[in-house]
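Remarks on the overall topology
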Amino acid sequence: MKGVVFNLLEEAVSRQFGPETWDDLLDDADLPGAYTSLGNYSDAEIVALVSAAATKLGKTNAEILQWFGEEAMPILKERYPALFENHKSARNFILTVNSIIHPEVRKLYSGASCPFFHFREADEHSIVMGYESSRQMCDLAHGFVKGAANIYCEEVTIEHHSCMNHGADKCLMEIRWAH
Amino acid sequence: MGALDALAASADPVDALNLRILKLENRLQRERAARLQAEEIAEKGLRDLYERQRQLELLETIATKANTGRSVEETFTFALDAICRHTGWPFGNVYRLDDASGELRPTPMWHAGDQERLSAFIERTQRTIFRTGEGLPGRVLQKGTATWIDNVALDPTLPRCHVAAECGLHAAFGFPILVGSEIRAVMEFFHRDVQALDEQLLTVMAQIGMQLGRVIERQQAEEKLIHDATHDPLTGLPNRMLFTDRLTRAVALRTRNPDNRYAVLFIDLDRFKLVNDSLGHAAGDALLTEIAARFAAVLESACTGDVLPTLARLGGDEFTILLEGAIENGEAIAIADRILETLAEPVEVERQKVYTSASIGIATCASYYTDATDIMRDADLAMYRAKASGRARIEMFDKSLHDKAIERLALESDLREALHNGEFVLHYQPIVALADRRVTGFEALVRWQRKTTGDLVAPGEFITLAEETGLIVFLGDWVLRKALQTLVGWQKQGIAASTLTMSVNVSPRQFHQHDFVAGVLSAIADTGADPACVRLEITEGVSIIDATRTAGIIQELRDAGIRVSIDDFGTGYSSLSYLHNLPFDALKIDRSFVASLKQKDDGHEIIQTILDLARNMGMEVVAEGTETADHVDMLRDMGCGFAQGYFFSRPVDAEAARALLAQVPD
Ligand code: HEM
């Protein structure tokens, strides 16, 4: 996992719970915690940090990942404003993840392995999103989508029809807009 | 006062500790900000590097394709596709420069990511032609460099600005495809979003433009090779290969549908070889070029929409025309007529007026033709027939010609054999002085004594063929030597006076041999004949081609003591003025004038004119074809010095000629 994800997590934790909490999480997970955005770090470290956070805050790993994704979006917008500029809606933005967002990520961070999503635009109020990755981080995706909706001041509900965390070979999430 | 200053002023140890923590936190903040900045710089550097690398990959992919691609179309389509895919610009398109108008014209080569959405834009693009300076491609053409437009919607001078905006296209760039420093084509790309100038991308595109130019260059070189292989370098007309190709296609088309008619005109210039031999190759080339242009002009005005003409030069002085479409025999002949007419006007070559004519054979489509060779052969045959029946003629092929041709071929091989076997004999016709009826000389005439049949063949049946095939040169040499031998023999035996002359005919082909004079001199030396007794008879046709050269040769012969007469005077093309320039010793009045001599008739006047002319120029005159006593009397009364004809004697063999010499005139 690229260091930038760790930087985002640190930033999200620090903003909401203070920098000490981040120090505590590193301590609990027994990690040295020196991350630079361009570096590559073991996936296990992010998993360990998520677990430590879950324990500390009395939440599930899934809830932590969703929270992280949602909180990360505004930070991403601060860092990469260009990716958000030309869209009038979250839907529009989300649909560019395969064609623009993640390709751009690969340009910035060599060796980044970003997931590919299958989108099916069922109707104008919903999108079905297929996800498949050995990291099994559909909850992060869930959080990102939520965060994206917040940025465009929209309200979405996300329903996991099938999930790799529950034995399915891929995840299917339905994103539904309130209006 | 800042927080740090307040704490520093305090003496409290806790304050001192807090101060230290605050300082450390500040330092941490600085370090953090520095790290983020460093990361940002590194990220940007990496991103640029990544872009650059991808662009180089793209350039390399396209360069590789440009080296291996078989055609411009294939390579350009590949490039459009690769560039769109790589850059994510959804629309790409190629214009080619039209040499004649200098405009950029759309091609069927374009790529669209989302055809349905862009259909209006594509449709508009496909029917828009850009002049220099007009629109994006026109600006590329004008500047000669890659050009970028952030947002086409903001520039109403762009012809496609509205339709582009309607289809959601905004940014655009274009670049030239260059061969050397010349623009041959322009490529353009459009993006959905507004985009600021990407200098680096544009640089790579300019390089791609150079690579793609190489494909055009290669194709042009290939096209030139093919063109050269299928065209005559002198006239630029299709050559035999291309002509045969088109004819083959026409024959095939006709087999499928009898409405696809065609005709082949086979054109051979009359006496072209003489022009080439006497005026030189450069003059011959100039003549051919001019004639080709005249033929082309005839076809251009004669062939309307329904008939497609192909004019070709097969080589030498042979031209062919293929007429395809709704062509009837009558039209083919009409076109052949106009071809002949266009030659009526003399061609000026090296400040000389050269008169040419052509013989044309026509073969038209028939169901029994299955390949090009057959119909070409028949058109060729018809042309030979036209040539044989006199110059400047048109002949349609029919089946009987085919049989004639076979006969002709057989005759040619017989003729060669005859030369080899010595089947020729000479007959001699006396030339008589009208004043005292004395035999002053003989004209030697060749006959062919066929071994196989024993028949005696008259010259009319084989001289033309001998002339056409070049056998005449050998035959002529034999005739000259044989005739001189006979003369010398008679003189040695004391039968003939030492002044007796021997006239020998020289054919145009012989005369134009570069070593003609040398050949004559060696025959005289070998036989021991007195040059003063030798008379060479040449026809008017010989003298007309190049009077200066002809005069030179005649003078050379005269310098050697040989006398030269002009044969069949009055039948050819020569105007009387030619005679003034040519140093002939004698003139032979054609038999047709003598035949028309009747008491108190017009025939008189022509002959009288010729006689007066000859007297003025100091030439002797021999009248040919004198058949009656009346002829002889009248000619003598008009002042004609000599005559030959049946009245005196038909041509007879050597033995009979001897006997004539022995007779004393009564
Ligand atoms: C709705 C939009 C997005 C979704 C659904 C999404 C989803 C994801 C997910 C699920 C992962 C985890 C990796 C995996 O599953 O294998 C991931 C990785 C990543 N994403 Fe996104 N993402 C979105 C937008 C963004 C944006 C805007 C950025 C920022 C530029 C971004 C940057 C990254 C990075 C850096 C990684 C880490 C890749 C690695 O370390 O190999 N993503 N994304």
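Presented here is a report on the structure given in the accompanying data block.

Basis of the calculations
- Residues numbered from 1 in each chain as written.
- Chains lettered and ligands numbered in written order.
- Predicted model: local features only at pLDDT ≥ 70, side-chain atom pairs only at ≥ 80, totals over all residues.
- Heavy atoms only, no water.
- Helix = DSSP H or I, 4+ residues; strand = E, 2+ residues; numbered from the N terminus.
- Buried < 20%, exposed > 50% of the residue type's maximum accessible area, 1.4 Å probe, protein only.
- Contact = heavy atoms within 4.5 Å.
- Areas by Shrake-Rupley, 256 points an atom, 1.4 Å probe, with all protein chains shown as cover.
- Pairing = 2+ DSSP bridges.
- Expected span 1.5 Å × (residues − 1).
- Bend = angle between axes of the 7 residues up to and from the residue.
- Near = heavy atom within 4 Å.
- Polar contact = N/O pair within 3.5 Å; in protein donor to acceptor, adjacent residues only side chain to side chain.
- Axes fitted to C-alpha atoms, helices over the stretch in contact; angles between N-to-C directions.
- Donors = N, O, S within 2.8 Å, 3.2 Å for Na, K, Ca; no water.
- Phe/Tyr/Trp six-rings, centres within 6.5 Å; stacked < 30°, edge-to-face > 60°.
- Lys NZ or Arg CZ within 6 Å of the ring centre and 35° of its normal.
- Salt bridge = Lys/Arg side-chain N within 4 Å of Asp/Glu carboxyl O.
- Patch = residues over 30% accessible without salt bridge, like charges linked within 9 Å, V, L, I, M, F, W, Y side chains within 5 Å.
- Lys, Arg positive; Asp, Glu negative; His and termini not counted.
- Charge placed at Lys NZ, Arg CZ, Asp CG, Glu CD.
- Buried area = accessible area lost by both parts, 1.4 Å probe.
- Nonpolar A, V, L, I, M, F, W, Y, C, P; charged D, E, K, R; others polar.

Moving on, we come to the overall build of chain B. Broken down by element type, chain B carries 24 helices and 21 strands. Scored against the burial criterion, the 666 residues of chain B give a buried share of 47%. Long-range contacts, defined as pairs at least 24 residues apart, comprise 66% of the intrachain contacts of chain B with a sequence gap of at least 6. Looking at chain B as shown, the accessible area adds up to about 32,300 Å², and 52% of this sits on carbon and sulfur atoms.

Here we take up the pairing of strand β4 (residues 171–179) of chain B. Residue and element names in this part refer to chain B. Taking burial as the measure, the 9 residues of β4 include 9 buried ones, the bulk of the element. Here strand β3 (residues 147–149) pairs with β4 via 3 bridges, running antiparallel. In the strand pairing of β4, Ile149 is matched with Ala172. For β4 and strand β5 (residues 182–191), the ladder comprises 9 bridges, and the chain directions are antiparallel. Residue Leu178 lies in a different strand from β5, and its bridge partner there is Ile183.

Moving on: helix α4 (residues 61–79) of chain A. Residues and elements named next belong to chain A. Over its 19 residues, α4 extends 26 Å from the first C-alpha to the last, a length consistent with the 27 Å expected when each residue adds 1.5 Å. At Met73, α4 shows its strongest bend, of approximately 30°, with the proline Pro74 following within four residues. Looking at α4, one finds that the buried residues are Ile64, Leu65, Trp67, Phe68, Gly69, Ala72, Met73, Ile75 and Leu76.

To continue, consider the side chain of Asp378(B). Residues and elements named next belong to chain B. The residue Asp378 is located in helix α12 (residues 372–388) in this model. With relative accessibility at 2%, the residue Asp378 sits in the buried group. Apart from residues lying up to four places away in sequence, Asp378 is in contact with Ala363, Tyr369, Phe397 and His402.

We now examine the site of the ligand. All names here are of chain A. For the ligand, the set of nearby residues contains 24 residues, the closest of which are Lys2, His102, Ser113, Tyr131 and Ser133. Here Ser113 contributes a backbone N or O atom positioned 2.6 Å from an oxygen atom of the ligand. One of the side-chain N or O atoms of Tyr131 is found 2.5 Å from an oxygen atom in the ligand. Breaking the shell around the ligand down by element, the ones donating at least two residues are α1 (3–17), α6 (90–94), α7 (97–108) and α8 (138–151). Here the shell around the ligand gets 4 residues from one element, more than from any other, and that element is α7.

Residue and element names in this part refer to chain B. Judged by pairing direction, the sheet is antiparallel, and its 5 strands sit side by side in the order β2-β1-β5-β4-β3 without closing on themselves. Two strands in the sheet have a free side with no partner beyond their single neighbour: β2 (103–112) and β3. Neighbouring strand axes in the sheet, compared pairwise and without regard to direction, differ in orientation by 20° on average. In terms of strand pairing, strand β1 (residues 91–98) meets β5 through 6 bridges, oriented antiparallel. Bridge assignment links Tyr95 to a residue of β5, and that residue is Val186. Here helix α5 (residues 135–143) sits on the sheet in contact with β1, β2, β3, β4 and β5, set at roughly 140° to β5. Strands β1, β3, β4 and β5 of the sheet are contacted by helix α7 (residues 199–230), whose axis makes an angle of about 40° with β4.

Just one protein atom coordinates the iron atom of the ligand, and that atom is His102(A) (NE2), at 2.2 Å. By secondary structure assignment, the location of His102(A) is in helix α7.

Topologically, Val94(B) is positioned in strand β1. The sequence separation of Val94(B) and Thr107(B) amounts to 13 residues, and the corresponding C-alpha distance is 6.1 Å.

Our next topic: the packing of aromatic side chains. Residue and element names in this part refer to chain B. Applying the stated criterion to the full structure yields 28 aromatic pairs over all chains. Relative to Phe190, the ring of Phe121 has its centre 4.8 Å away and its plane inclined at 65°; by these criteria the two rings are edge-to-face. Residue Phe121 is located in helix α4 (residues 115–126), and its partner Phe190 is located in strand β5; the two are separated by 69 residues in the primary sequence. Across this residue pair, the class does not change: Phe121 and Phe190 are buried. Look at Phe424 and Trp478: their rings are 6.5 Å apart centre to centre, the planes differ by 55°, and that puts the pair in the tilted class. Residue Phe424 is found in strand β13 (residues 424–433), and its partner Trp478 is found in helix α15 (residues 471–492); the two are separated by 54 residues along the sequence. Taking relative accessible area as the criterion, Phe424 reaches 6% and is therefore assigned buried. What links up through ring pairs into an aromatic cluster is the set Trp89, Trp148, Phe173, Phe175 and Phe189. For Lys65, the ring lying beneath its charged end belongs to Phe78, and the centroid distance is 5.1 Å. Its guanidinium or amino end placed over the ring of Tyr646, Arg650 lies 4.7 Å from that ring's centre, counting from NZ or CZ.

This part covers the pattern of salt bridges. Applying the stated criterion to the full structure yields 54 salt bridges over all chains. Of the charged contacts, one joins Asp155(B) and Arg139(B) as a salt bridge, the two residues approaching to 2.9 Å between their closest N and O atoms. In this pair, Asp155(B) sits in the loop between β3 and α6 (161–166) while Arg139(B) sits in helix α5, placing the two residues 16 residues apart along the sequence. Arg139(B) gets classed as partly exposed once you look at its relative accessible area, which sits at 23%. Within the structure, one salt-bridge network assembled from shared partners comprises Glu10(A), Glu11(A), Arg15(A), Glu78(A) and Arg32(B).

Together, Glu20(A), Asp23(A), Asp27(A), Asp28(A), Asp30(A) and Glu25(B) make up a negatively charged patch on the protein surface. Per-element tally for the negative patch: the top contributor is helix α2 (residues 19–29) of chain A, with 4 residues. One can find Asp23(A) in helix α2. Using a relative accessible area of 47% as the deciding quantity, one classes Asp23(A) as partly exposed.

Contacts between the two partners involve 14 residues from chain A and, on the opposite side, 10 residues from chain B. Carbon and sulfur atoms make up 47% of the surface buried where chain A meets chain B, a total of about 1,100 Å² over both sides. Linking chain A to chain B there are 4 salt bridges. Among the salt bridges present, the one from Lys107(A) reaches Glu51(B), with a minimum N-O distance of 2.7 Å. Between the two partners, chain A and chain B, sit 8 residue pairs in polar contact (both at pLDDT 80 or more). Put simply, the parts of the chain that give the side of chain A that touches chain B at least two residues each are α1 and α7 of chain A. Of all the elements, α7(A) adds the most residues to the side of chain A that touches chain B, at 4 residues. Of the residues in the side of chain A that touches chain B, the class split is 5 nonpolar, 3 polar and 6 charged.

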